[in-house]
Amino acid sequence: MSHIGKVVRVAIVGLTSALFAGASGAQEKVSFNMSWLPQGSTGGVLVAIDQGFYKEVGLAVDAVRGYGGARTVNEIDQGKFDFGYGDPVSIVQNRAQGGKTRLIGALNTRWPANICYIGSRHKIASLDNLKGLSFGGGATSPVQALLPAWLELNGKPRDHIKLLKMDPTVIDAALIEGKIDLAECWHGSNRPLLTKKAKDAGHGVESIAYSAHKLDVYGSGVVATDEFLAKRADTARRFLRATYKGYDFMMKNPERSADIIVKMHSVLDRDVVLQQIRDINELIVDKDAANRGLGFIRDDRAASTVKFIDTAYDLKGKVKANEIYSNDYLK
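Residues numbered from 1 in each chain as written. Predicted model: local features only at pLDDT ≥ 70, side-chain atom pairs only at ≥ 80, totals over all residues. Heavy atoms only, no water.

1. Section: the sheet that holds strand β3 (residues 83-86)
Stated precisely, the cut-off is as follows: One bridge is not enough; two strands pair if DSSP finds at least two bridges between them. Secondary structure elements follow DSSP: runs of H or I of four or more residues count as helices, runs of E of two or more count as strands, with numbering from the N terminus. Angular values range over 0 to 180 degrees, each being the angle between N-to-C directions of two axes fitted as lines to C-alpha atoms, with helices fitted over their stretch in contact. The contact criterion used is simple: two residues touch if any of their non-hydrogen atoms lie within 4.5 Å.
Taken together, 5 strands build an open sheet; the order of strands is β2-β1-β3-β10-β4 and the sheet is mixed. With partners counted over all chains shown, the strands left at the sheet margins are β2 (59-64) and β4 (101-106), one partner each. Recorded for the sheet is a direction-independent mean angle of 30 degrees between the axes of neighbouring strands. In this structure, β4 lies alongside strand β10 (residues 221-225), joined through 5 bridges in antiparallel fashion. If you follow G105 over to β10, its bridge partner there is V222. Sheet strands in contact with helix α5 (residues 88-96) are β3, β4 and β10, and its direction is about 155 degrees off that of β4. Set on the sheet, helix α10 (residues 233-252) makes contact with β1 (28-33), β2, β3, β4 and β10; between it and β1 the angle comes to about 60 degrees.

2. Focus on the environment of Y313
For Y313, the position within the fold is in helix α13 (residues 299-313). Here the alpha-carbon distance between Y313 and A145, two residues 168 residues apart in the chain, equals 6.6 Å. Aside from chain neighbours lying at most four places away, what touches Y313 is V89, Q93, P142, A145 and L146.

3. Notes on the side chain of N281
Note the following rule: Any pair of nitrogen or oxygen atoms within 3.5 Å is treated as a polar contact; in protein, a donor-acceptor pairing is required on top of that, and neighbouring residues in sequence qualify only through side-chain atoms on both sides.
On the secondary structure map, N281 appears in helix α12 (residues 270-283). A polar contact of 3.3 Å, which involves the side chain of N281, links it to the backbone oxygen of M250. N281 has contacts with M250, M251 and P254, leaving out every residue within four places of it along the chain.

4. Here we look at the packing of α10 against α12
Worth spelling out the cut-off: Orientation categories follow fixed angle ranges, with anything under 35 degrees roughly parallel, anything over 145 roughly antiparallel, 65 to 115 roughly perpendicular, and all other angles oblique. Here a crossing is taken to be left-handed if its near helix is turned anticlockwise relative to the far helix by less than a right angle, and right-handed if that turn runs clockwise. Under the grouping applied here, Gly and all other residues not named as nonpolar or charged are polar, the nonpolar ones being Ala, Val, Leu, Ile, Met, Phe, Trp, Tyr, Cys and Pro and the charged ones Asp, Glu, Lys and Arg.
Taken N-terminus to C-terminus, the directions of α10 and α12 make an angle of 115 degrees; their axes are 9 Å apart at the nearest point. Classified by the interaxial angle, the pair formed by α10 and α12 is roughly perpendicular. The chirality of how α10 crosses α12 is left-handed. When α10 is examined against α12, the residues Y247, M250 and M251 are found in contact with a partner set consisting of I277, I280 and N281. Taken together, the residues of the contact of α10 with α12 break down into 5 nonpolar, 1 polar and no charged.

5. A closer look at the pattern of salt bridges
Defined as follows: The working definition used for a salt bridge is a side-chain nitrogen of Lys or Arg within 4 Å of a carboxyl oxygen of Asp or Glu. Only protein chains enter the calculation, and the probe is 1.4 Å; a residue is then buried if its accessible area is under 20% of its type maximum, exposed if over 50%, and partly exposed in between.
Going through the model one piece at a time under the given rule, you end up with 26 salt bridges. Residues R270 and D259 are paired through a salt bridge, measuring 2.6 Å at the closest nitrogen-oxygen approach. With a gap of 11 residues between them, R270 in helix α12 and D259 in helix α11 (residues 254-264) connect regions that are remote in the sequence. What makes R270 partly exposed here is its relative accessible area of 28%. With a relative accessible area of 40%, D259 lands in the partly exposed category.

6. Topic: the state of the cysteines
So the rule is basically this: Defined by distance alone, a disulfide is two cysteine sulfur atoms within 2.5 Å.
Across all of its chains, the model carries 1 disulfide by this definition. Covalently, C116 is tied to C185 through a disulfide, its sulfur atoms 1.8 Å apart. On the S-S bond that ties C116 to C185, the torsion sits near 60 degrees, and the link is right-handed. Residue C116 is located in strand β5 (residues 113-118), and its partner C185 is located in strand β8 (residues 182-186); the two are separated by 69 residues in the primary sequence. This pair shows no difference in class: C116 is buried, exactly as C185 is.

7. Points about the packing of aromatic side chains
Quick reminder of the rule: Two aromatic rings, drawn from Phe, Tyr or Trp (for Trp, its six-membered ring), form a pair once their centres lie within 6.5 Å of each other, and the interplanar angle then sorts them: stacked below 30 degrees, edge-to-face above 60, tilted otherwise. Sitting over a ring, as applied to charges here, requires NZ of Lys or CZ of Arg to be within 6 Å of the ring centre and within 35 degrees of the ring normal.
Counted by the stated rule, this structure contains 8 aromatic pairs. Summarising the aromatic geometry, the rings of Y54 and F239 are spaced 5.3 Å apart at their centres and angled 15 degrees between planes, so their arrangement reads as stacked. Taken together, the positions of Y54 in helix α3 (residues 53-56) and F239 in helix α10 put the pair 185 residues apart, joining distant regions of the chain. Here Y54 matches F239 in class, with each residue buried. Within the aromatic cluster, the residues linked to one another by ring pairs are F32, Y54, F83, F228 and F239. Its end group placed over the ring of F296, R292 keeps NZ or CZ at 4.1 Å from the ring centre.

8. Regarding the side chain of D286
Mapped onto the fold, D286 is located in the loop between α12 and α13. A residue is classified by how much of its surface remains accessible, and D286, at 8% relative accessible area, is buried. Beyond its immediate stretch of four places on either side in the chain, D286 contacts T109, Y218, R298 and R301.

9. So, the confidence of the model for the protein
Parts of the prediction with low pLDDT should not have their coordinates interpreted in detail. For the record, the criterion: Every residue gets a pLDDT, meaning the predictor's confidence in that residue, from 0 to 100.
Chain-level statistics for the protein give a pLDDT mean of 92 and a share of 92% at 70 or above. Note on residues 1-24: pLDDT is under 50 here. Beyond four places in sequence and across chains, it has 8 contacts.

Structure below.
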C-alpha cells in the first residue's frame, strides 16, 4: 500500500472512530423537569430514555420529578434544569416578572383541564347548570384566576361558580365524598386517577372541557430559556428530535409504553398510566397543523393563549405572544 493510501486509510479509520465515539461514547448530559411525578403526560421523555432515542443523538437525559408548573418554569429560568414540562400561564407570568423562559415545542396542543363532577349527583347539560356549585381549587393554583376569566369569556358572571381555595391534596377526596360539587381535573394527568378512585367508591366521573367552551389556548410543552437556546441551540434541536420520537412511539405503542413507564417507576398503576398515555396521544395532535409535525406551535393559538392569560391576570399587554414560544428548534 502506498504512503498516500495508508494516510487516507488512517484518516478514514480515525473519522469512523470519532463518529462511533460520539454516538456511543460520552453523552452530553441534560436535565428535564417533569413538573410533577412520572405520568403519561411526560411519558414520551421516559420512553425516549428507555428506547435509547436520546443516546442516538448524543444526549444523556435525567428526568426529574417536579413540584408544579410555576415552580418548574421558574427553576428552568434560574438554570436549575435545562428543559422542562411547562405551561404558558407559568411562562407568561415568568416573563412578566423579568424571566426569559420560552415554549419550544407543544405537547398539549389544547388546554387539557376539565371541570369534573360526579355524574350521579349532577346533571349538567350546559354552563347554566353550574350556577352556585362549589368548585375546589388549589389555593395557589392558576385556576383561581383562570376560572373566573373563562366564565366571563362565556358570558357568565365571574362568581357563577363558588370557587374555593383548598389544599390540592384533599380536592379529589372531597369531590368523591360530596364535600364539593366540582373539581379541576387534567387529561394526561390526574383525571384517570380521579376516575379510578371514584369508581372504587361506586361513582362515575363526568367532565366539561374548558376547550369545548371558547378556550382556545395551548397547554403544556417543552420549555427552555433564551440563554440556553442561544448557547446550545443544537442541543435543543437534538433533544426535541428524540423527545418527539418518544411521543410518536407512545402514540403507536400505548400498551408497550405503559409497560416501559411502569418498569421504570414500579409504584405507578399501569391502568392509570395507560389512560394518561391515551389522553396525551390525543392532545399532542393538532388537526389544524397536522402537516407541520408534532410540536409545532401556531401563531394564532399562541396569540389567543397570551390574550386570555393577559385578561385573567390583568397584565395590560406586558408580555407579547412572540416572546413565549419558538418553532426554530423543531427544524
